[in-house]
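Per-entry structural report
Each chain, written out:
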Amino acid sequence: MDIGYRNTLEQKQLLSQTQIQSLAILSMDNVELNDFLQGEYMENPMLEFTGSKEGAMEQVEFHQWYESQGVARDYEENEYSDEGTIRRDIPVYEGDPLEEYLLSQLNPLDFTNRQMKAIRFMIACLDHNGYFTTPMEEVVKMNGISLEEANDCLLKLKELEPFGIFSKDLKDCLLWQLKQEGEEEPILLHIVEHYLNDIANGRLSNISREMKLSTSQVRQYIARIAKLNPRPLAGFDFGKTEFIVPDIIFTYKDEEWEISLNDHWIGDYKISDYYMRMMKEAKDEQLYQYFRKKLERVRFLMNSVEQRRNTMLQISKAILEWQKEYFEGKGTLKPMTMSDIADKIEMHTSTISRGIKGKYLQYPNGTVLIKTLFSASVNAKSEDGSVTAMDIKKVLKQLIDGENKAKPYSDQKLVTLLSEKDIKISRRTVAKYREEMGIKGTFERKQDE
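Residues numbered from 1 in each chain as written. Predicted model: local features only at pLDDT ≥ 70, side-chain atom pairs only at ≥ 80, totals over all residues. Heavy atoms only, no water.

Before going further, it helps to spend a moment on the overall build of the protein. On a plain count of helices and strands, the protein comes out with 21 helices and six strands. In the protein, the share of contacts with a sequence separation of at least 24, taken over all contacts with a separation of at least 6, comes to 59%. When the accessible surface of the protein is totalled, it reaches about 29500 Å², and 48% of it is carbon and sulfur. (Helix = DSSP H or I, 4+ residues; strand = E, 2+ residues; numbered from the N terminus. Contact = heavy atoms within 4.5 Å. Areas by Shrake-Rupley, 256 points an atom, 1.4 Å probe, with all protein chains shown as cover.)

Right, let's talk about the pairing of strand β5 (residues 360-363) for a bit. What you see with β5 is a clean split: Leu361 and Tyr363 sit on the buried side and Tyr360 and Gln362 on the side with no burial. Looking at chain direction, strand β2 (residues 248-253) and β5 are connected through two bridges and run parallel. When the sheet's bridge partners are listed, Ile248 is paired in β5 with Leu361. Bridge count for β5 against strand β6 (residues 366-369) is four bridges, and the pairing is antiparallel. (Buried < 20%, exposed > 50% of the residue type's maximum accessible area, 1.4 Å probe, protein only. Pairing = 2+ DSSP bridges.)

It is worth spelling out the confidence of the model for the protein at this point. Confidence along the protein averages 81 in pLDDT terms, with 81% of residues attaining 70 or more. In the predicted structure, residues 55-94 sits below a pLDDT of 50 and forms 36 contacts with residues beyond four places in sequence or in another chain. Every residue in residues 381-385 scores below 50 in pLDDT, and together they form five contacts with partners more than four places removed in sequence or on other chains. (pLDDT = per-residue confidence, 0-100.)

On to a negative patch on the surface, then. Side chains of Asp254, Glu255, Glu256 and Glu258 sit close together on the surface and give a patch of like negative charge. Checked against the element boundaries, Glu255 lands in the loop between β2 and β3 (256-261). Residue class for Glu255 comes out exposed when judged on its relative accessible area of 69%. (Patch = residues over 30% accessible without salt bridge, like charges linked within 9 Å, V, L, I, M, F, W, Y side chains within 5 Å. Salt bridge = Lys/Arg side-chain N within 4 Å of Asp/Glu carboxyl O. Lys, Arg positive; Asp, Glu negative; His and termini not counted. Charge placed at Lys NZ, Arg CZ, Asp CG, Glu CD.)

Residue placement: Ser208 occurs in helix α11 (residues 204-211). If near-sequence neighbours (up to four positions away) are discounted, Ser208 is found in contact with Leu213, Ser214, Thr215 and Val218.

So, about the packing of aromatic side chains. Within the structure shown, the criterion is met by 13 aromatic pairs. Centre to centre, the rings of Phe49 and Tyr269 are 4.8 Å apart; their planes meet at 40 degrees, and the pair counts as tilted. You can see Phe49 sitting in strand β1 (residues 47-50) and its partner Tyr269 sitting in strand β4 (residues 268-271), a full 220 residues away along the chain. Accessibility expressed as a relative area gives 26% for Phe49, which makes it partly exposed. Where Tyr326 meets Phe327, the ring centres are 5.5 Å apart and the plane angle is 65 degrees; that geometry is what we call edge-to-face. Overall, the relative accessible area of 17% leaves Tyr326 in the buried class. Take Phe327: its relative accessible area is 2%, and that puts it in the buried class. One Lys or Arg, Lys158, reaches over the ring of Trp176 and ends 4.7 Å from the middle of that ring. (Phe/Tyr/Trp six-rings, centres within 6.5 Å; stacked < 30°, edge-to-face > 60°. Lys NZ or Arg CZ within 6 Å of the ring centre and 35° of its normal.)

Take the pattern of salt bridges next. In the structure shown here, the tally under the stated rule is 15 salt bridges. In this structure, Glu296 and Arg292 form a salt bridge, with 2.5 Å as the shortest nitrogen-oxygen distance. Of this pair, Glu296 and Arg292 both sit in helix α14 (residues 285-322), four residues apart, which is roughly one turn of the helix. Here the salt bridges do not stand alone but share partners, grouping Glu183, Glu185 and Arg224 into one network.

Once that is clear, we can look at the sheet that holds β3. Ordered in space as β3-β2-β5-β6, the four strands form an open sheet in which the pairing is mixed. Of all the strands in the sheet, the pair left with one neighbour each is β3 and β6. Neighbour to neighbour, the strand axes of the sheet diverge by 20 degrees on average, direction disregarded. Contacting β2 and β3, α14 crosses the sheet at an angle of about 150 degrees to β3. (Axes fitted to C-alpha atoms, helices over the stretch in contact; angles between N-to-C directions.)

A few words now on unusual backbone geometry. In this model, Glu161 is joined to Pro162 through a cis peptide bond whose omega is 0 degrees. Tracing the sequence through the fold places Pro162 in the loop between α7 (147-158) and α8 (170-180). Although it is not a glycine, Asp422 sits at a positive phi angle of roughly 65 degrees. Tracing the sequence through the fold places Asp422 in the loop between α19 (411-420) and α20 (427-436).

Here the focus is α20. For α20, every residue scored as buried is listed here: Val430, Ala431, Tyr433 and Arg434. The arc that holds every buried residue of α20, seen down its axis, measures 165 degrees, which confines them to one face. Facing away from the buried surface of α20 by more than 90 degrees, the exposed residues are Arg428 and Glu435. Buried-residue contacts for α20 involve α18 (389-401), α19 and α21 (442-445). Gly438 sits one or two residues past α20 and shows a positive phi near 75 degrees. (Arc of directions from axis to C-beta.)

The structure is reproduced here in structure tokens:
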């Protein structure tokens, strides 16, 4: 084998750090951009911020909102300051509502301080379904209690409502709920113990054959299991209410469309005149270089934000033109890809992707995630040669709504029926669209005559 050197010539496109940051700013929605700019404002003396009287939603002066909530009236001894004016202290967060809900079902006198500490620890370890998967050894180590005490505390917690909470997995959760309901039928318990995977995958014949039960009996047992709650914390939303702040607004007035960015509430940012004078008057070279770098950062940010605005407006205008009938309520969404919009406004597809990432659009009929407006055409015949996934879902739903509930269509049968309507898609695609619409499978849709 010969070892040697050789020269090669190749082209590479490398992004500078400023280009990467500029693309990151384009990817931000308005709320993220506001947080980003506020962070920059806190760190860069050259960046000056002035608030805006305009808001993404109706705004009320803080003290008016504060008093309307009755917060100031909640204070007794501390309600007034020495000068006699109302103090506007920020109320202290009371704690985790889930923890409060569960602890309200326990009698604190039944537990030692160490046990209560362990109980709070175990509540904090619950996952979003309400399952407890933390090793008991960790509970013992973190809270200084014995393994026996930890298991006793866990048993007490498992008796709380909603039933099934603090289970280790789905099987444990369902078995515990059956126990709480006093259900002791061996066949039902055996199915839950050994055949959950078969139920999930629709393999009823396995259960029927191995347990020597008729298909009808298996379905009856599964119907009873379906009434149980596989996720005890489902529906328990103790988080803060979040609001969608649209990034782009389409308005229709005097038979014309107007496009605007909903970023006026963010406020105005500009170069600080005070620190500009300080930089010009600085005699210390190190101080001058410090301000110069901060000034360059501000100019870069302002340029990137303005470029982001222009890009988003161009994308929005192209989307409006492409889907005008949809926004006017005169038709459904047309097939539209990011490449279509990129070609239309002569931008790269990746720029379109970043420009719409996580952003919402508000128009007279509602607010939508911009990404949902994009869909590739499907291999099917129609007047203009293609239909969207939304069109197919509409036809699919009509077929299922009109089926015989005692003999529902299989996915393969739906493929055949769609083909008769010149819509040619695979069985896997049918199953995917059906699941996206929240429509159950053939067995689950079946109703006895």
